[in-house]
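Notes for the structure review
Now for the letters of each chain:
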Amino acid sequence: MKIGVFDSGIGGITVLHEAMKRLPREDFIYFADTLHVPYGTKPKEDVLQFVKASAETIVQHDVKALVIACNTATSIAINALRQHYALPIIGMEPAVKPAIEMNRASGKRVLVFATPLTLKESKYKALVSRVDDAGMVDSIPLPDLVRYCESLVFEGPTIRDYFAGILRDVDLSVYGTVVLGCTHYPFYRKLLSELLPGHIQIVDGSKGTVSRLIQLLQERGALGQGGSGDVTWLCSDNSPAYLRKMPEALALLQRMEAQR
């Protein structure tokens, strides 16, 4: 049986990449809801229905676990999915808690980048309320970044100008960590490391999500032994161009990591 990984687009490939590194003897199904990407700027009620329909498509492939590799989809639909399906369902949340722990000694603040919908949701607000007892966290919505990512615009004047506009009025000297609160955003880790001051660390939730996946598979005695890291690519509009884009995005991540 395979592990299902789901996102609205190519963002969840950053989580898939982490899972493939740590679970080399598993096989995967990656599903992108290309009919409805991006989620982060759409009404909550619509996104809930999109996620439910996508999950139903994925479980038809007899997966043994499902990773909702999207912060927005997790915040809106994870509870409904867990009530409906018996298999392990692992979600995402912005890595706010580890970012706060990294900054306690220095007193620096934490800056979270996320989609507008994630930042509006009660799940995110509850997370910050639970772990941010010192009031260290600030948040900035990036409504257009998923669109750039889906167009594979990771470098060049357009995206640099976009980040320059976002950061123009931000006093970066007070921050010690930037949290990438959308799975699309780690595609910009290299660029952000160039644009942000050297003292700022960049974190995302992929490692924690994959650790939870591994824990749940171990508890069920379901860790793979016969897989080889194969990925079956699916998307909701069955676009041949998008089916080619997804492995291209994975290869790009692998190259980025090799250059670090």
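Please refer to the structure placed before this passage.
Because the structure is predicted, anything quoted here is derived from the model rather than measured. (Residues numbered from 1 in each chain as written. Predicted model: local features only at pLDDT ≥ 70, side-chain atom pairs only at ≥ 80, totals over all residues. Heavy atoms only, no water.)

Okay, the overall build of the protein chain next. For the protein chain, the helix and strand inventory stands at 11 helices and nine strands. In summary, the protein chain has a C-alpha radius of gyration of 18 Å against a globular reference of 18 Å for 260 residues, a match within 12%. Dimensions of the protein chain, computed from the C-alpha atoms along their principal axes, are close to 50 × 40 × 35 Å. For the protein chain, with 260 residues in total, the buried portion stands at 56%. Sequence separation of 24 or more characterises 78% of the internal contacts of the protein chain that already satisfy a separation of 6 or more. (Helix = DSSP H or I, 4+ residues; strand = E, 2+ residues; numbered from the N terminus. Rg over C-alpha atoms; globule rule 2.2 N^0.38 Å. Buried < 20%, exposed > 50% of the residue type's maximum accessible area, 1.4 Å probe, protein only. Contact = heavy atoms within 4.5 Å.)

Think of a ball as big as a water molecule: rolled over the atoms, this probe shows where empty space is left. Considering only enclosed or pocket space, the second largest pocket measures out at about 260 Å³ in volume. Taken together, 14 residues line the second largest pocket, and the ones lying closest to its centre are Ile90, Gly91, Met92, Glu93 and Thr209. Listed by contribution, the elements that provide at least two residues to the lining of the second largest pocket are helix H3 (71–84) and helix H10 (206–219). In terms of residue class, the lining of the second largest pocket is made up of four nonpolar, five polar and five charged. (1 Å grid on protein atoms, 1.4 Å probe; cavity = no way out; pocket = protein on both sides within 12 Å on 5 of 7 lines; lining within 4 Å. Points joined across faces, edges and corners; volume = space filled by probe spheres on them. Nonpolar A, V, L, I, M, F, W, Y, C, P; charged D, E, K, R; others polar.)

Our focus in this paragraph is the packing of aromatic side chains. Tallying each qualifying case throughout the model produces nine aromatic pairs. An angle of 65 degrees between the planes, with centres 5.9 Å apart, marks the rings of phenylalanine 163 and tyrosine 188 as edge-to-face. Residue phenylalanine 163 is found in helix H8 (residues 157–167), and its partner tyrosine 188 is found in the loop between strand S7 (175–180) and helix H9 (189–195); the two are separated by 25 residues along the sequence. The residues phenylalanine 163 and tyrosine 188 share a single accessibility class, namely buried. Members of the aromatic cluster, connected to one another through ring pairs, are Tyr148, Phe154, Tyr162, Phe163, Phe187 and Tyr188. Lying over the aromatic face of tyrosine 148, arginine 147 brings its terminal NZ or CZ to 4.9 Å of the ring centre. (Phe/Tyr/Trp six-rings, centres within 6.5 Å; stacked < 30°, edge-to-face > 60°. Lys NZ or Arg CZ within 6 Å of the ring centre and 35° of its normal.)

Another point: the sheet that holds strand S3 (residues 65–68). Read across the open sheet, the five strands follow the order S4-S3-S1-S2-S9; overall the sheet is parallel. What marks the edges here is a single partner per strand, and that holds for strand S4 (89–90) and strand S9 (231–235). Summarising the sheet, strand S2 (residues 28–32) and S9 pair through five bridges and their orientation is parallel. Considered in S9, the bridge of phenylalanine 31 is made with leucine 234. With respect to the sheet, helix H1 (residues 13–22) is in contact with strand S1 (3–7), S2, S3 and S9, its orientation differing from that of S2 by roughly 175 degrees. Together, S1, S2 and S3 form the strand contacts of helix H2 (residues 44–59), whose direction differs from that of S1 by roughly 155 degrees. (Pairing = 2+ DSSP bridges. Axes fitted to C-alpha atoms, helices over the stretch in contact; angles between N-to-C directions.)

Pairing within the open sheet is parallel, and its four strands lie in the order S6-S5-S7-S8. This sheet does not close on itself; its edge strands, each paired only once, are strand S6 (137–141) and strand S8 (201–204). Taking each pair of neighbouring strands and ignoring which way they run, the sheet shows an average axis angle of 25 degrees. Here five bridges tie strand S5 (residues 109–114) to S6, and the two strands are oriented parallel to one another. Across the sheet, valine 112 pairs through a bridge with serine 139, a residue of S6.

As a further point, take the pairing of S3. Side-chain alternation along S3 places Ala65 and Val67 on one buried face and Leu66 and Ile68 on a second face that is also buried. In this structure, S3 lies alongside S4, joined through two bridges in parallel fashion. Across the sheet, valine 67 pairs through a bridge with isoleucine 90, a residue of S4. In this region the chain leaves S3, passes through H3 and returns to the parallel neighbour S4; the handedness of that crossover is right-handed. (Right-handed = clockwise from strand over helix to strand, strands pointing away.)

Here we take up the packing of H2 against H3. The geometry of H2 relative to H3 is characterised by a closest axis approach of 9 Å and an angle of 50 degrees between their N-to-C directions. Classified by the interaxial angle, the pair formed by H2 and H3 is oblique. Where H2 crosses over H3, the handedness of that crossing is right-handed. For the pair H2 and H3, the contacting residues are Lys44, Val47, Leu48, Val51, Lys52, Ala55 and Glu56 in the first and Ala73, Ile76, Ala77, Ala80, Leu81 and His84 in the second. Class assignment for the residues of the contact of H2 with H3 results in nine nonpolar, one polar and three charged. (Parallel < 35°, antiparallel > 145°, perpendicular 65-115°, else oblique. Left-handed = near helix turned anticlockwise from the far one by under 90°.)

Tracing the sequence through the fold places aspartate 33 in the loop between S2 and H2. Buried within the structure, aspartate 33 lacks any salt-bridge partner; its nearest side chain of opposite charge belongs to lysine 42, at an N-O separation of 8.5 Å. Setting aside anything within four residues of it in sequence, one finds aspartate 33 in contact with Phe6, Asp7, Ser8, Gly9, Tyr39, Phe50, Ser54 and Ser236. (Lys, Arg positive; Asp, Glu negative; His and termini not counted. Salt bridge = Lys/Arg side-chain N within 4 Å of Asp/Glu carboxyl O.)

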